[in-house]
Amino acid sequence: MPDIKSLSKSDLISILGLIEYARSCDSFESFRELLMRTKDLLDAESAICGSAAVEGLEVKGLASAINGNRPEAWLNHYAIEEFCSADPILNYHARYSRPELWSEAMRVIDTPESRRVCNHAIDFGLKHGIAMGVYVPERREICVCSFSGGKNVFQNRHKNCLDVLSLHLNSAYSRALCHASRPSSVETGEMEIEKAYGRRL
């Protein structure tokens, strides 16, 4: 449970504004705006949200993604190297639904493959971060929103903020995907995924 009492009045006002905006999100564009506003609240430099198929505790592959402003060079590299199944952040949230700092998630998911993903990410300026994950049973997927920066600014305050927002972010993301699955929006959705990962999934 989030420690609401530890949050400042300014944080609470910002969170309420994000929750209100999240309720109206029903497209890739509106969700991207929500993602960027959340990024600013969390003092992050970049953000992305995506879903991955899981079987048991294993991450099987990316299902969808909406990129806020994560470097496209990294997204292309991530896809080419097929990092998804070894990604320590995705694997952590396949096991735990609470928001967590990247550093803590990497301590839990510590394998040669996950360390390789982290080392490559650092080359693209992605060293520190925080993420939240929600399991979506009807799709057998996890929805993960990840926020990062070059400096280690992420603390318990950021975890508490994200804890309050996590279900709202997941609901807004699901609505954006439903919008993209409508006949008039399928191509738009596929183009967004292709832009985020360099290929259609």
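Data block above holds the structure.
What counts and how
Within every chain, residues take consecutive numbers counted from 1 along the sequence as written. The predicted nature of this model means local features are confined to residues of pLDDT at least 70 and side-chain atom pairs, given and counted, to a pLDDT of 80 or more, with totals for whole chains, interfaces and linings taken over all residues. Neither water nor hydrogens contribute to the side-chain values; these are computed over all heavy atoms in the structure. Under the pairing criterion, centres of Phe, Tyr and Trp rings, with the six-membered ring standing for Trp, must be within 6.5 Å; the plane angle then separates stacked pairs below 30 degrees from edge-to-face pairs above 60, leaving the rest tilted. We count a stretch as a helix when DSSP gives it H or I for four or more residues in a row; a strand needs E for two or more, and each element gets its number in order from the N terminus. A simple rule labels every residue: compare its accessible area, found with a 1.4 Å probe on the protein chains alone, to the largest value its type can have, and call it buried under 20%, exposed over 50%, or partly exposed in between. Any Lys NZ or Arg CZ found within 6 Å of a ring centre and within 35 degrees of that ring's normal is scored as a charge over the ring. Under this definition, polar contacts are N or O atom pairs within 3.5 Å; protein pairs additionally need one hydrogen-donor-capable and one acceptor-capable atom, and for neighbouring residues in sequence, both atoms have to be side-chain atoms.

Caption draft 1: Local environment of the packing of aromatic side chains. For the structure shown, the criterion picks out six aromatic pairs. Between the aromatic rings of Trp74 and Tyr78, the centroid separation amounts to 5.6 Å while the plane-to-plane angle is 75°, which identifies the pairing as edge-to-face. Of this pair, Trp74 and Tyr78 both sit in helix H3 (residues 72-81), four residues apart, roughly one helical turn. On the numbers, 4.8 Å between centres and 40° between planes, the contact of Tyr92 with Tyr96 is tilted. Note on Tyr92: relative accessible area 1%, which makes it buried. In this structure an aromatic cluster arises from ring pairing among Trp74, Tyr78, Phe83 and Phe124. The ring of Tyr21 carries Arg37 above its face, with NZ or CZ at 4.1 Å from the centroid. Cation over ring: Arg98 sits above Tyr96, and NZ or CZ is 4.6 Å from the ring centre.

Caption draft 2: Structural detail: the environment of Asn69. Looking at the element boundaries, Asn69 is found in the loop between strand E2 (58-67) and H3. Taking the C-alpha atoms as reference points, Asn69 and Phe147, 78 residues apart in sequence, are found 9.9 Å from one another. At a separation of 2.9 Å, a polar atom in the side chain of Asn69 contacts the main-chain carbonyl oxygen of Glu45. Engagement of the side chain of Asn69 in a polar contact is seen with the backbone nitrogen of Ala47, the distance being 2.9 Å.

Interpretation in functional terms is not warranted from these geometric data alone.
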